[in-house]
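# Structure at a glance
Now for the letters of each chain:
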Amino acid sequence: MIRVLIVDDQKSVQEILKNYVENDPGLEVVACAGNGKKAIELVEVYQPHVVLMDIEMPVMDGLPATQIITEKFINTKVLIITVHNDDSYLNSALQVGAKGYLKKNTPEKELINAIYSAHKGYFQLGPGFLERYLYNTALSHSNSQEIEKLKNVMFQQSMLLDDLNNGGSKTSFNGTGASLQNDNITGTPTLEDRYNALEKHVYYMSSRIERLKKQVNLNQQLFALAIICNVFFGVLLVIYII
C-alpha cells in the first residue's frame with residue numbers, strides 16, 4: 001500500500017485529490033495538510049511514500065517544504081500539484097528535489113499513474129510541461145541528439161500508457177522504435193512491463209541531460225571568468241605601459 005499525504009490550503013482541492021487517491025485500492029491517504037510547515041510535521045509522523053504538494057500556501061510555501069522533505073526524508077517523493085504554468089516555478093520545483101510537476105486539473109487516471117511512478121523514483125511532468133522543459137534544455141546546450149532520444153522514448157511511453165488505460169494489447173514499440181508483437185504471444189513482455197521499462201529509460205535520459213546541462217553551465221562560467229581575467233590583466237598591462 002502506497003501512503004499519500006495531500007498538501008493544499010484549499011479544502012475543496014484536498015477533497016478532490018483525496019477522492020482520486022482513495023478510488024485506487026493500492027493507495028492510501030494518511031493525512032492532509034494546509035501548509036508546508038504542517039506537511040513536514042506530518043511526513044515525520046506518517047512517513048508517506050508520496051506527497052502531493054501545492055506551491056502557494058500560508059505559513060510555508062510548497063517549494064521550501066519540498067526541499068526540506070526531500071533532503072530529510074529520502075524515502076518520501078514529492079509531486080508538485082499546482083495551477084502555475086510559469087517556467088520559473090517548474091525549474092524551482094525541480095531544483096528543490098520534486099519528482100514531478102502536474103496541474104491541478106490533471107485527470108484522475110494520470111494523477112494515479114504519476115503517484116505510482118513517483119513512488120518508484122521516476123520523473124513526472126504533466127502535458128505541456130515536458131515540451132517546454134525539453135525546449136528550454138535544448139536552448140541551454142547543443143545536445144540535440146540526447147533531446148531527440150528522450151522525445152522518442154516519451155512518445156513510446158505515451159503510446160503504451162494509452163494502451164494501458166484502454167485495457168488493450170495493441171502492438172507497440174521497443175526502445176529503437178521497432179514494433180513489438182501483441183501480448184498474447186508467449187514470452188512477450190506485457191504492456192505494463194514495457195511501459196515501466198520506458199519509464200526507467202526516461203528517468204535515465206532526463207538525469208543525463210541534467211548532468212550535461214550543469215556541465216555546460218560550468219563551462220560557460222569558466223569562459224566568463226577567463227574573459228574577466230583577460231580584461232583585468234589587459235588593464236594592468238595598459239597601466240604598466242603608461
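Look up: the structure comes first, before these words.
In this numbering scheme, every chain counts its residues from 1 along its sequence in written order. Note on the predicted model: pLDDT of at least 70 is required for a residue's local features to be given, and 80 or more for side-chain atom pairs to be given and counted; whole-chain, interface and lining totals, by contrast, use all residues. Calculated side-chain values reflect all of the structure's heavy atoms, with hydrogen atoms and water omitted.

## Regarding the overall build of the protein
Counted only if it meets this: Per the convention used, a helix needs a DSSP run of H or I reaching at least four residues, while a strand needs a run of E reaching at least two, with both numbered from the N terminus. Summary of the burial criterion: residues with accessible area below 20% of their type's maximum are buried, those above 50% are exposed, and those between are partly exposed, where the area comes from a 1.4 Å probe applied to protein chains only. By definition in these notes, contact holds between two residues if any of their heavy atoms fall within 4.5 Å.
Summing up its helical and strand segments, the protein has eight helices and six strands in all. Starting at the N terminus and ending at the C terminus, the protein contains elements arranged as β-α-β-α-β-α-β-α-β-α-β-α-α-α. Out of the 242 residues in the protein, the part that is buried amounts to 40%. Relative to all contacts within the protein whose residues are 6 or more apart in sequence, the contacts with residues 24 or more apart total 63%.

## Overview of the environment of Ser117
Mapped onto the elements, Ser117 comes out in helix 5 (residues 108–119). Distance in space between the C-alpha atoms of Ser117 and Val50 is 10.0 Å, their sequence separation being 67 residues.

## Examining the pattern of salt bridges
Any two side chains of opposite charge can pair, given that their charged atoms come close. Operational definition: Salt bridge criterion: a side-chain nitrogen from Lys or Arg within 4 Å of a carboxyl oxygen from Asp or Glu.
Scanning the entire structure with this criterion turns up five salt bridges. The salt bridge involving Lys37 is made with Glu41; its shortest N-O contact spans 3.1 Å. Of this pair, Lys37 and Glu41 both sit in helix 2 (residues 36–46), four residues apart, roughly one helical turn. The exposure class of Glu41 is partly exposed, given its relative accessible area of 35%. As a salt-bridge pair, Glu44 and Lys72 come within 4.0 Å of each other at their nearest N and O atoms. Linking Glu44 in helix 2 with Lys72 in helix 3 (residues 62–72), this pair joins segments that are 28 residues apart in sequence.

## Describing helix 5
To keep things clear, this is the line we draw: Multiplying one less than the number of residues by 1.5 Å gives the expected span of a helix.
For helix 5, spanning twelve residues, the distance from its first C-alpha to its last is 17 Å, which sits close to the expected 16 Å at 1.5 Å a residue. The complete set of buried residues in helix 5 reads Leu111, Ile112, Asn113, Ala114, Ile115, Ser117 and Ala118.

## Examining the pairing of strand 3 (residues 50–53)
Definition in use: Only when DSSP finds a minimum of two bridges between them are two strands counted as paired.
Judged by which residues are buried, strand 3 turns out to be covered on both faces: Val50 and Leu52 on one side and Val51 and Met53 on the other are all buried. One ladder, built from four bridges, connects strand 3 with strand 4 (residues 77–82); its direction is parallel. Within the sheet, the bridge partner assigned to Met53 lies in strand 4 and is Ile80.

## What about unusual backbone geometry?
Phi at Gln47 is positive, roughly 50 degrees, even though this residue is not glycine. Inspection of the secondary structure puts Gln47 in the loop between helix 2 and strand 3. On the accessibility criterion, Gln47 (37% relative accessible area) is partly exposed. The phi torsion at Val59 lies on the positive side, around 70 degrees, for a residue other than glycine. You can see Val59 is positioned in the loop between strand 3 and helix 3.

## A short note on the sheet that holds strand 4
Selection rule: Only the contacting stretch of a helix is used when fitting its axis, a line to C-alpha atoms as for every element, and angles between N-to-C directions run 0 to 180 degrees.
Read from one edge of the open sheet, six strands run 2-1-3-4-5-6, paired in parallel fashion. A single partner strand is all that each edge strand has here, and the edge strands are strand 2 (27–33) and strand 6 (124–125). Bridge count between strand 4 and strand 5 (residues 100–103): four bridges; the pairing is parallel. Across the sheet, Ile81 pairs through a bridge with Leu102, a residue of strand 5. The strands that helix 5 touches are strand 1 (2–7), strand 2, strand 3, strand 4, strand 5 and strand 6; relative to strand 4, the one it contacts most, it runs at about 150 degrees.

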